[in-house]
Amino acid sequence: MEHVENVRLVDRISSKKAALGTLYLTATHVIFVETAPDARKETWILHSQIATIEKQATTATGCPLLIRCKNFQLLQLVIPQERDCHDVYISLIRLARPVKYEELYCFSFNPKLDREEREQGWMLIDLSEEYKRMGLPNNYWQLSDVNREYRVCDSYPTELYVPKSATAHIIVGSSKFRSRRRFPALSYYYKDNHASICRSSQPLSGFSARCLEDEQMLQAIRKANPGSDFIYVVDTRPKLNAMANRAAGKGYENEDNYSNIKFQFIGIENIHVMRNSLQKMLEVCELKSPSMSDFLWGLENSGWLRHIKAIMDAGVFIAKAVSEEGASVLVHCSDGWDRTAQGCSVASLLLDPHYRTLKGFMVLIEKDWISFGHKFTHRYGNLDGDPREISPVIDQFLECVWQLMEQFPCAFEFNERFLIHIQHHIYSCQFGNFLCNSQKERQELKIQERTYSLWAHLWKNRADYLNPLFRADHSQTWGVLHLPTAPCNFMYKFWNGMYNRFEKGLQPRQSVTDYLMAVKEETQQLEEELEALEERLEKIQKVQLSRTKVRSKQSEPSKHSGFSTSDNSTANTPQDYSGNVKSFPSRSPSQGDEDSALILTQDNLKSSDPDLSANSDQESGVEDLSCRSPSGGECVPSEDSGKDRDSDEAVFLTA
Amino acid sequence: RFVGPLGTIIIKCKDFRIIQLDIPGMEECLNIASSIEISEWRLSYVNQEFAVCPSYPPAVTVPKAIDDDALRKVATFRHGGRFPVLSYYHKKNGMVIMRSGQPLTGTNGRRCKEDEKLINATLRAGKRGYIIDTRPLNVAQQARAKGGGFEQEAHYPQWRRIHKSIERYHILQDSLIKLVESCNDQTQNMDRWLSKLEASNWLTHIKEILTTACLAAQCLDREGASILIHGTEGTDSTLQVTSLAQIILEPRSRTIRGFEALIEREWLQAGHPFQQRCAQSAYCNSKQKWESPVFLLFLDCVWQILRQFPCSFEFNENFLIMLFEHAYASQFGTFLGNNESERCKLKLQQKTMSLWSWVNRPSELSKFTNPLFEANNLVIWPSVAPQSLQLWEGIFLRWNRSSKYLDEAYEEMVNIIEYNKQLQAKVNLLRRQLAELETEDGVQESP
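Residues numbered from 1 in each chain as written. Chains lettered and ligands numbered in written order. Predicted model: local features only at pLDDT ≥ 70, side-chain atom pairs only at ≥ 80, totals over all residues. Heavy atoms only, no water.

- As recorded by an unreviewed UniProt entry, chain B carries the name Myotubularin phosphatase domain-containing protein and is attributed to Muntiacus reevesi.
- Reading the Sequence similarities (unreviewed entry) entry of the UniProt record for chain B gives the comment "Belongs to the protein-tyrosine phosphatase family. Non-receptor class myotubularin subfamily." (UniProt positions renumbered as here; feature names shortened; annotations may be inferred.)

- Quoted verbatim from the Sequence similarities (unreviewed entry) field of the UniProt record, the comment on chain A reads "Belongs to the protein-tyrosine phosphatase family. Non-receptor class myotubularin subfamily."

The structure is reproduced here in structure tokens:
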């Protein structure tokens, strides 16, 4: 284990003095341990989270090293010796860019579960169950084995639903006319009116090419929905991009060649535009004490929220076509694994309350992203590869979900933290779910035998991820989510909780969600206690009754005394409990040690629980709040804040 | 009743006849006075007839060492006769916030010994204080040409002056007009929306006001120094800063009664000219010279802090919205007139009802109570980073979007907490019953 001493960790937001400590490089993590004797605070960063490492010009104090993480953490270290800094830099570059899957953390991560538990974990989310839930197979749709052993399309799953009238001949013919042979297949079936969402890649139409089987395939999709005499074909690309593709022998459907289709462009930009947009937005987040104008200008120039809106527009269009017009929709972009996945999954989320539950959301990601061959390894740079393949495609989907949660606070069973932890693990490579670029690759790597499933892990800790405002019987929970039709741009807001989530000073200091969760937990305890009390009361009353009847029954007193000791123990609960009552308001406002969740602490790692540790949460109370609050002295714009008096003064004097 | 926020008319009917008059403002003023060490501060009635300062109330709190004659002299040296008075007394360390109008130094650097003596009387031996001028230095310098000015270091050696730049009057009004306009424009695309939001500068004002208030609170609480705050007149940005600093520092001002008292003290009694500032709101074609959303900006800042500390305020967003409405149009006399003197002349106390007496009835109060409130006795430091500040949708997008789902969420939140309280009460009752039964048992068994 390599280590460097006397390294300083610079706090970017506050003007607090940099923390002095030792930097360790292990096989899996970068660890910074503060040397301050009272609080040996540790910061753990997984190698797979490292996005970029930047060595800056040496200054009098040492050589600064800037580590940007994929989960939006930014670490600024100052290493005294230039040589050490260079060594760390070189090592990290190598460690952050593994070349083989086997080097990834999930192959060494061992949460100490036995084989059976691991297998059960992988079985938690079952897509064949999901298709059954949709009401499939039925008279119109059937499970096709045309892709068994990935014979037709190697980036598709083997289990696919297709219209009953689509023969193997039609499917194979259609697949030859589609980029990477990604033929139209079912993504979501809307039981209520038989309309469906299908997905594919672009047709290889060029300027004039046609394919009978592909035309038949689309017709088969239309016929599978007796309620409508046309289908929508949604091309999620901007029209210009789609037209340019025609020159390369690809392109989009000509309405004249396909009977009864309505063709629609949506205009989601490609992965390169999105990558640059995120980059620009993160630069805004990195600004040191920006003015309001800097921030709003930067946010606008990044175009990020415009892109989020485009994705939402796609989802809304598809969901409306399905639920209001009863028409089936075929969605595609170029290859049908990025924008198509975004469009389909946002639409499904709007249409079906099941996907807005904890488990349903896991199913949705499993279905539209994992099984349909979203290229996780390429997009999230898990292995050393072409940087032009990297793009925050699923991050954008998660943000769409968050934007919806802001609009419909009672409609989702899960909370913001759930989304944030999923984002974290898409990049962490701690679990096998998001490895590889297709189902086929995962099978070849035997992921399920060699790694653990994130879903099981999240499910086990589901109490942390519940939205306290969610109620299964609430009207907001049912049915389709209707977004306003007018272009309400102000609906889309900057997601501070995600992109600045390691800057605690920028987050609300008290969390309504945590507060309500604590209240609900207390309510549950109260319910239990109430039941126990009622039972006891009844018993005592019976005893008294019987005693008045049979006054001299020997066993009675002893029985009662036995009962009352057991009572005492329950009677103690209220006292403990009122202690709880006192502690919960203080616990709840503290936004919690979420960073202890994501910056892995050693204990957590040992207990194989990299996420929230509820215990540490309970300890941070008002005191925590009070000591954190002054750091909110970002009052002074030039130099933000300080936790200790001295720095406050310093800050203040520069004002 | 007719209320015209943002040009919309809502009609609400209430029977006001059962309402009784009460004037918490004066009481509050006296409360504060009595809670402060008698040795250092006193209540002065020098302004009894509003002769010394027309925009001050009859009773003000001043250092004990300064007599009324000196106050009269100081009044001639301060804009609008607004001599430095006590705004807030920080119990924790005995430091204070004072407010005043600008000193009338003029171009020839006039000075006033009584003024220097007055503010020095608030300093502990060997301690320095801070003067926060809400105007940028160049504006303060320009003010000298018109007879105004700022405190010269040479004459106030124990004070450090800090200049901030909080905008005033029509600049704020223009911001409001632009902001409301862009909120109403539904046709634009995403990028235009953000640039219009930016161009309105509304959030920039919010950030500047909050920053200055935090700075004042920081000086008081962390530096242990007393502060004098003024701008030009001391009736606008000054009051934004003094009142927000109290929200940050003083837990009581985060309660409903405390906040009402704060508005009474720091806005009404302190002479914020509501009549001039809140005559037209955002939709007015003619340029109104004195129109300015100073009070709305203050409410918006409170909302920003409330959003960051959702459990530390006894009132909710609706309370702030209600105050906004009543400041612009009200069936109550509370926000009428420009100052206490005008209100007295109009005999508002006899002729109109007080808003507070209506608001404080239990049926109204329940609408404004924050279910999440847990008394928090700490100083709360909000973040003023742009990422942490948001558009106040409850005010600005109120008529442009449906709040159905958000209202449902609020209801659900209330239900969760109500149910918890009911259970708590039930459990306590049962516990008591059980305890009684068991002691009875004990008595029966013991012989």
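Points about the overall build of chain A
- Along chain A, the regular secondary structure elements total 25 helices and 14 strands.
- Across the 655 residues that make up chain A, the buried fraction comes to 59%.
- Put simply, of all contacts in chain A between residues at least 6 apart along the chain, 70% involve residues at least 24 apart.
- Per element, the accessible surface of chain A, about 26,300 Å² overall, is 50% carbon and sulfur. (Helix = DSSP H or I, 4+ residues; strand = E, 2+ residues; numbered from the N terminus. Buried < 20%, exposed > 50% of the residue type's maximum accessible area, 1.4 Å probe, protein only. Contact = heavy atoms within 4.5 Å. Areas by Shrake-Rupley, 256 points an atom, 1.4 Å probe, with all protein chains shown as cover.)

Quick look at the UniProt feature "domain: Tyrosine specific protein phosphatases" (unreviewed entry) in chain A
- Look at the UniProt record and you will see "domain: Tyrosine specific protein phosphatases" (unreviewed entry) annotated at residues 302-341 of chain A.
- Taken end to end, residues 302-341 of chain A has its terminal C-alpha atoms 23 Å apart, with 60% of it in helix and 12% in strand.

Concerning the domain arrangement of chain A
Residue and element names in this part refer to chain A.
- Domain boundaries in chain A define domain 1 (2-97) and domain 2 (135-351).
- Computed from C-alpha atoms alone, the centre-to-centre distance between domain 1 and domain 2 is 43 Å.
- In this complex, domain 1 contributes 4 residues to the contact, which on the side of domain 2 involves 5 residues.
- Between domain 1 and domain 2 lies a buried interface of about 410 Å² when both sides are counted; carbon and sulfur atoms form 42% of it.
- Area buried by domain 1 at its contact with domain 2 is led by Arg 12, Arg 68 and Phe 72, which between them contribute 81% of it.
- Linking domain 1 with domain 2 are 1 salt bridge, by the criterion used here.
- Put simply, Arg 68 and Glu 286 hold a salt bridge, and the shortest N to O gap is 2.5 Å.
- Where domain 1 packs against domain 2, one counts 1 residue pair in polar contact (both at pLDDT 80 or more).
- The class makeup of the residues in the side of domain 1 that touches domain 2 is 2 nonpolar, no polar and 2 charged. (Domains from an automatic or database assignment. Buried area = accessible area lost by both parts, 1.4 Å probe. Salt bridge = Lys/Arg side-chain N within 4 Å of Asp/Glu carboxyl O. Polar contact = N/O pair within 3.5 Å; in protein donor to acceptor, adjacent residues only side chain to side chain. Nonpolar A, V, L, I, M, F, W, Y, C, P; charged D, E, K, R; others polar.)

Observations concerning the UniProt feature "coiled-coil region" (unreviewed entry) in chain B
- Under the UniProt annotation, "coiled-coil region" (unreviewed entry) lies at residues 406-440 of chain B.
- Split by type, residues 406-440 of chain B is 100% helix and 0% strand. Its first and last C-alpha atoms lie 51 Å apart.

Digging into unusual backbone geometry
- Along the chain, Leu 136 of chain A connects to Pro 137 of chain A via a cis peptide bond; the corresponding omega equals -5 degrees.
- Relative to the helices and strands, Pro 137 of chain A is located in the loop between α3 (127-134) and β8 (141-144).
- In this model, Lys 446 of chain A sits at a positive phi of 55 degrees, which is unusual for a non-glycine residue.
- Looking at the secondary structure, you find Lys 446 of chain A in the loop between α15 (439-445) and α16 (447-450).
- One non-glycine residue, Ser 281 of chain B, lies in the positive phi region at around 65 degrees.
- Following the sequence through the fold, Ser 281 of chain B ends up in the loop between α10 (274-277) and α11 (294-308).

A closer look at the pairing of strand β12 (residues 231-235) of chain A
Residues and elements named next belong to chain A.
- Of all 5 residues in β12, 5 are buried, a share of seventy percent or more.
- With burial as the criterion, each face of β12 is covered, one bearing Ile 231, Val 233 and Asp 235 and the other bearing Tyr 232 and Val 234.
- One ladder, built from 5 bridges, connects β12 with strand β13 (residues 261-265); its direction is parallel. Pairing of Asp 235 across the sheet is with Phe 265, part of β13. (Pairing = 2+ DSSP bridges.)

As for the sheet that holds strand β8 (residues 159-163) of chain B
Residue and element names in this part refer to chain B.
- Strand order in the open sheet formed by 5 strands is β5-β6-β9-β7-β8, with mixed pairing between adjacent strands. This sheet does not close on itself; its edge strands, each paired only once, are β5 (85-90) and β8. Across the sheet, the mean angle separating the axes of adjacent strands is 20 degrees when strand polarity is ignored.
- The sheet contact formed by strand β7 (residues 129-133) and β8 spans 5 bridges and is parallel. (Axes fitted to C-alpha atoms, helices over the stretch in contact; angles between N-to-C directions.)

Here we look at the UniProt feature "active site" (unreviewed entry) in chain A
Residue and element names in this part refer to chain A.
- Sequence positions flagged by UniProt for "active site" (unreviewed entry) are, in local numbering, Cys 333.
- Relative to the assigned elements, Cys 333 resides in the loop between β14 (328-332) and α10 (339-351).
- Residue contacts for Cys 333: discarding those within four places in its chain leaves Ser 200, Ser 201, Gln 202, Asp 235, Thr 236, Arg 237, Asp 338, Arg 339 and Thr 340.

Describing helix α3 (residues 113-120) of chain B
Residue and element names in this part refer to chain B.
- Here α3 has its buried residues at Asp 115, Glu 116, Leu 118 and Ile 119. Projected onto a plane normal to the axis of α3, the buried residues spread over an arc of 160 degrees and lie on a single side. Relative to its buried face, α3 has exposed residues pointing more than 90 degrees away, namely Lys 113 and Lys 117.
- Turning to α3, the residues buried within the fold contact β4 (60-63), α2 (68-77), β6 (95-99), β7, β8 and β9 (227-230). (Arc of directions from axis to C-beta.)

As for helix α9 (residues 304-323) of chain A
- Taking 1.5 Å as the rise per residue, α9 of chain A with 20 residues should run 28 Å; its terminal C-alpha atoms sit 29 Å apart, in good agreement.
- Burial within α9 of chain A is extensive, with 15 of its 20 residues counted as buried. (Expected span 1.5 Å × (residues − 1).)

Re the nonpolar core
- Core analysis: the biggest nonpolar cluster contains 216 residues, and Phe 361 of chain A together with Phe 259 and Phe 396 of chain B have the highest contact counts within it.
- In this view, Phe 259 of chain B contacts Ile 247, Arg 252, Ser 253, Phe 298, Leu 299, Val 302, Phe 315, Phe 319, Leu 320 and Leu 323 of chain B; residues no more than four positions away in its chain are not counted.
- With 27 residues, the next largest nonpolar core counts Trp 41, Leu 118, Ile 131 and Leu 228 of chain B among its residues. (Core = buried A, V, L, I, M, F, W, Y, C linked by side-chain atoms within 4.5 Å.)

With respect to the pattern of salt bridges
All names here are of chain A.
- Counted according to the given criterion, the structure contains 48 salt bridges over all chains.
- Asp 214 is the partner of Arg 178 in a salt bridge, and the nearest nitrogen-oxygen pair spans 2.8 Å. Of this pair, Arg 178 sits in the loop between α4 (168-176) and β10 (185-189) while Asp 214 is found in helix α5 (residues 212-223), placing the two residues 36 residues apart along the sequence. Summarising the burial analysis for this pair, Arg 178 and Asp 214 share the class buried.
- Two residues, Arg 180 and Asp 335, come together in a salt bridge whose shortest N-O distance is 3.1 Å.

With respect to the packing of helix α13 (residues 393-407) of chain A against helix α14 (residues 416-428) of chain A
All names here are of chain A.
- Two numbers describe how α13 lies on α14: the axes approach to 10 Å, and their chain directions differ by 175 degrees. When the interaxial angle is binned, α13 and α14 end up roughly antiparallel. Between α13, through Ile 394, Asp 395, Leu 398, Val 401, Trp 402 and Met 405, and α14, the contact on the second element is made entirely by Glu 416, Leu 419, Ile 422, Gln 423, Ile 426 and Tyr 427.
- A class-by-class count of the residues in the contact of α13 with α14 yields 9 nonpolar, 1 polar and 2 charged. (Parallel < 35°, antiparallel > 145°, perpendicular 65-115°, else oblique.)

Re the sheet that holds β12 of chain A
All names here are of chain A.
- Here 5 strands make up an open sheet; going across it, the order is β10-β11-β14-β12-β13 and the pairing mixed. The two strands at the open ends of the sheet, each matched to only one other strand, are β10 and β13. Averaged over all pairs of adjacent strands, the angle between their axes in this sheet comes to 25 degrees, without regard to strand direction.
- Here β12 pairs with β14 via 5 bridges, running parallel. Among the inter-strand pairings, Val 233 is bridged to a residue of β14, identified as Leu 330.
- Against the sheet, α10 contacts β10, β11 (196-200) and β14, and its axis sits at roughly 170 degrees relative to β11.

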